[in-house]
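Below, each chain spelled out in residue letters.
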Amino acid sequence: MNEVRKNSARTRWASLGISVGLVAITATSVLGQLSDVTQTPNTANAGIHKSYDEQVGIGRGDVSTPDSSMFIIKRDPYRAVRRGRQIFQRKFTHAQGVGPRTQDGVGDIESDASIVAGLADSCASCHGRPRGAAGFGGDVFTRPDSRDAPHLFGLGLQEMLADEITKELRQIRDDAVDAAKASGVPETRALTSKGIEYGAITANPDGSVDTSSVEGVNADLRVRPFFAEGSTISIREFIVGAFNAEMGLESADPDMLAASGGADVVTPSGMMLSGSIDAIDAPPAISDADDPDADGVVDEIPTSNTDYMEFYLLNYFKAGRYQKTREARMGRAILAQVGCTECHIPNLLIESDRRVADVATDFDPTEPGFNRLFATASTRFDAVDDGSGYPTLKVPQGDSFLVERIFANFKRHDLGPDFHERNFDGTTTTHFMTEPLWGVGSTAPYGHDGRSINLVEVILRHGGEAQASRDSFEQLSFAQRSRVLQFLNSLVLFPPDDTASNLNPGDPATPGFPQHGHGSINLGALFNDPTEGE
C-alpha cells in the first residue's frame, strides 16, 4: 500500500469524525497472555488495567443497563471486543476458579476425553501464536495421538457460513417432505448449498426421510464447523466447553442451559441455538451457585464474560494475505488444476453478516514496520438512536459478505488411513472437516494431530477421497510445486499489535521504531472510542 492510499485512509476516517491518532502501545498492546495490574503491579504498567470483577461488570443486564454486557455489546461494541480479547488473554488464578481438571484428571477417558485435556490458565496458552493473536500453538491429549489447537482467525465467519448452509439444507428437506405429502409419491432432492454438494435426501408421503445418500454432514443436516471431526455448532458452546475442559473454569451459561432443555435461544451475538431441533450440551454448572468441581469457587465464568468472549470471536479478524507474486498467482491456478479446490473452495458468500466490523489484511511492500502488512478496517453497522439518551445502538447491517480465500467446504471427508484417528475407546474416526486453508502459511506443523512437518508432507499424506488430487500434486514438476507452496505460504496469520492499519498506520519517527510506534489494529477508532483503559 503506498503513501497516497494511507493518506486517503486517514482522510476518510477523519471525515467520519473518527480518530486515527497513534495509540500508546504500552497501554493497549495485545500481548499473548496477560495478568492484570491490580494483581501484579509493575513499573512498566504492563497487563490488563481492569480487575476481573470490573470486567464482569453487573452481569448481562439489557440495553438500558449501563455496565452490563448487553449494554456494552449493543451500544459500545469496541469495548465489548476489547473486553472479550482481554478475557481471552487473561491469566486466571486459582482464586478465580482455575482447576482442577475434569475429575482432577482421573476417570473414564473413553467416555470423557476432557479428563486428560490438560490444565491451562489462559485461552492464549493454546491459542497464542502469532503473538497477541487468537492463534494456534497448543497440543492436547484428548486423543491417543493428541490434537493440535487450531487458530481462531475468521471464527465468526465460519459459524455464520455453517449456520446458513444448515438452514438451506433443512429447507430443501422440508420442501421435499411437503411435496411428497402433496403428491403422494416419494420426492428425491439434491442437497446443495453455496455450491457445495451434500448428497441427496428422499422424502416419503408419510413424512419420513431417507438420509442414506447424505454426504459429509450428519443426517440431521446440521453443519458443525468446530473441531476437526465437526462436532460443535456454535462459538458459545466452544467457549464454555474449553473453559471447562482446558482450564477447569465452569460456566452456568443460561443460553446453553435453556437450549439443552429444548428452547430456541438467540445469544447476544445473534446466534440461534436451536434447542428444539438440535442437541445442545448443557453447561457444566446449572446455576451461579453450583460448584461441580468442588473447588470452593462458584460463578467462575459469569454470563457477561461469556457474552464478551462470544462477541470478540464473532468479530475476530480473518486471515491475511502476504506477497501476491506472479509465482503465487500461478500456484493458485495449479492448485485448482490438480483438484484441490474441489474441497478447498476459495470463496463463499454469507447472506447476512452479523459482525459490526471487518478487517482486510494484505502485503504492503512500503510498510516500514514489522511483517510488511497493512490492515484496512471498515464498519458494518448502523447507528440507531433509540431516544434513551444513552449512546446509539450499533446494529449490524446484516448484508451479504464474500468470504475470500477461506478455501473450505464445511463438509466431512475420508482422507484415507494416514489421517484416521484412534480414540481412547478403541474406535477410529475416519471422517474430518475440510480444514480452511487461510492462515496455512503460518501454522506448521500440520494435520489435526500436528504430525506433518511441512506443507508438502501434509499434502502427500492425503488419500481416500483426495487420492487423485494428491497423486496429481506428486506428479508436478519441482517448479510447479514451488509455485503451489509459494501461494499457500501467502495465506498468513498476523499479530494484531504489530500490524499497521488505516486506524493506526504507525510512525517511523517514534523513538524505538519499529519496536514502538509500528502501528496496530485498534478497532476503537472505528467507534470513536480509542481506549477503555483496560
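Our structure's up above, just so we're on the same page.
A quick note: this is a predicted structure, and the numbers were derived from the prediction, not measured. (Residues numbered from 1 in each chain as written. Predicted model: local features only at pLDDT ≥ 70, side-chain atom pairs only at ≥ 80, totals over all residues. Heavy atoms only, no water.)

Participant: Is there a simple way to think about the overall build of the chain in this case?
Facilitator: Per the secondary structure count, the chain includes 13 helices and 22 strands. Within the chain, the proportion of its 534 residues that are buried is 55%. Expressed as a percentage of contacts within the chain between residues at least 6 apart in sequence, the contacts between residues at least 24 apart total 67%. (Helix = DSSP H or I, 4+ residues; strand = E, 2+ residues; numbered from the N terminus. Buried < 20%, exposed > 50% of the residue type's maximum accessible area, 1.4 Å probe, protein only. Contact = heavy atoms within 4.5 Å.)

Participant: For this particular structure, what's the right way to read the packing of aromatic side chains?
Facilitator: Here a ring pair, both rings aromatic, is described through the centre-centre distance and the interplanar angle of the planes. For the structure shown, the criterion picks out 14 aromatic pairs. An aromatic cluster is defined as three or more aromatic residues linked by ring pairs; in this entry it consists of F88, F153, Y312, Y316, F317 and F494. R355 extends its terminal NZ or CZ atom over the ring of F401, reaching a point 4.4 Å from the ring centre. When the ring centre of F419 is taken as origin, the NZ or CZ atom of R461, which lies over that ring, is 4.3 Å away. (Phe/Tyr/Trp six-rings, centres within 6.5 Å; stacked < 30°, edge-to-face > 60°. Lys NZ or Arg CZ within 6 Å of the ring centre and 35° of its normal.)

Participant: I keep staring at the environment of E197 and nothing clicks. Help me out?
Facilitator: Following the sequence through the fold, E197 ends up in strand β6 (residues 196-203). As for E197 and V214, which are separated by 17 residues in sequence, their C-alpha atoms are 9.4 Å apart. Excluding anything up to four places from it in sequence, E197 contacts L191, T192 and K411.

Participant: Quick question: what am I supposed to make of helix α5 (residues 77-89) here?
Facilitator: Note: α-helices contain 3.6 residues per turn, so residues at a spacing of three or four share the same orientation. Over its 13 residues, α5 runs 18 Å from end to end, which matches the ideal 18 Å to within 8%, given 1.5 Å per residue. With 13 of 13 residues buried, α5 is to be regarded as a mostly interior element. (Expected span 1.5 Å × (residues − 1).)

Participant: Would you mind showing me how to read the sheet that holds β6 here?
Facilitator: Strands belonging to one sheet form pairs held by backbone hydrogen bonds; the direction of such a pair is parallel or antiparallel. The strand order β5-β6-β7 describes an open sheet built from 3 strands, whose pairing is antiparallel. On the outer flanks of this sheet lie β5 (187-193) and β7 (209-210), each paired with one strand and no other. Contacts from helix α6 (residues 155-183) reach β5, β6 and β7 within the one sheet, and its direction differs from that of β5 by about 165 degrees. (Pairing = 2+ DSSP bridges. Axes fitted to C-alpha atoms, helices over the stretch in contact; angles between N-to-C directions.)

Participant: I keep staring at the state of the cysteines and nothing clicks. Help me out?
Facilitator: Note on terminology: a disulfide is the covalent bond linking the sulfur atoms of two cysteines. Counting across every chain of the model gives 0 disulfides. No disulfide involves C343; its sulfur sits 8.9 Å from that of C340, the nearest cysteine. The partly exposed category is assigned to C343, whose relative accessible area is 26%. (Disulfide = S-S within 2.5 Å.)

Participant: What exactly am I supposed to notice about the pattern of salt bridges here?
Facilitator: In a structure, side chains of opposite charge can pair up when their charged atoms sit close to one another. In the structure shown here, the tally under the stated rule is 40 salt bridges. As a salt-bridge pair, D307 and R60 come within 2.8 Å of each other at their nearest N and O atoms. Taken as a pair, D307 in helix α9 (residues 303-314) and R60 in the loop between α3 (52-56) and α4 (69-75) lie far apart in primary sequence, 247 residues in all. Assessed through its relative accessible area of 0%, D307 is described here as buried. With a relative accessible area of 22%, R60 lands in the partly exposed category. In this structure, the salt-bridge partner of R173 is D174, at a minimum N-O distance of 3.3 Å. For D174, a relative accessible area of 34% gives the class partly exposed. (Salt bridge = Lys/Arg side-chain N within 4 Å of Asp/Glu carboxyl O.)

Participant: Explanation requested: the nonpolar core in the structure shown.
Facilitator: General note: in soluble globular proteins, nonpolar side chains tend to be found buried as a group. In this structure, F92, Y198, V223, F243 and F410 are the most contacted members of the largest nonpolar core, which totals 75 residues. When residues of this core are assigned to their parent elements, the largest contribution, 11 residues, is made by α6. For F243, the residues in contact, after removing those within four places along its chain, are I87, F92, C123, G248, L249, I301 and M309. By size, the runner-up hydrophobic cluster in this structure holds 24 residues, among which are I334, F419, V456 and V458. (Core = buried A, V, L, I, M, F, W, Y, C linked by side-chain atoms within 4.5 Å.)

Participant: Mind showing me how you'd approach unusual backbone geometry here?
Facilitator: Negative phi is the rule for most residues except glycine; trans is the rule for most peptide bonds. The step from R129 to P130 runs through a cis peptide bond, and the omega angle for that step is -5 degrees. Within the fold, P130 resides in the loop between β1 (127-129) and β2 (136-137). Going from A444 to P445, the amide bond is cis rather than trans, its omega being -5 degrees. One non-glycine residue, N45, lies in the positive phi region at around 60 degrees. Take N45: it is sitting in the loop between α2 (25-28) and α3. For N45, a relative accessible area of 39% corresponds to the partly exposed category. Positive phi is not limited to glycine here, since A294 has a value of about 55 degrees. Examined against the element boundaries, A294 turns out to sit in the loop between β9 (272-274) and α9.

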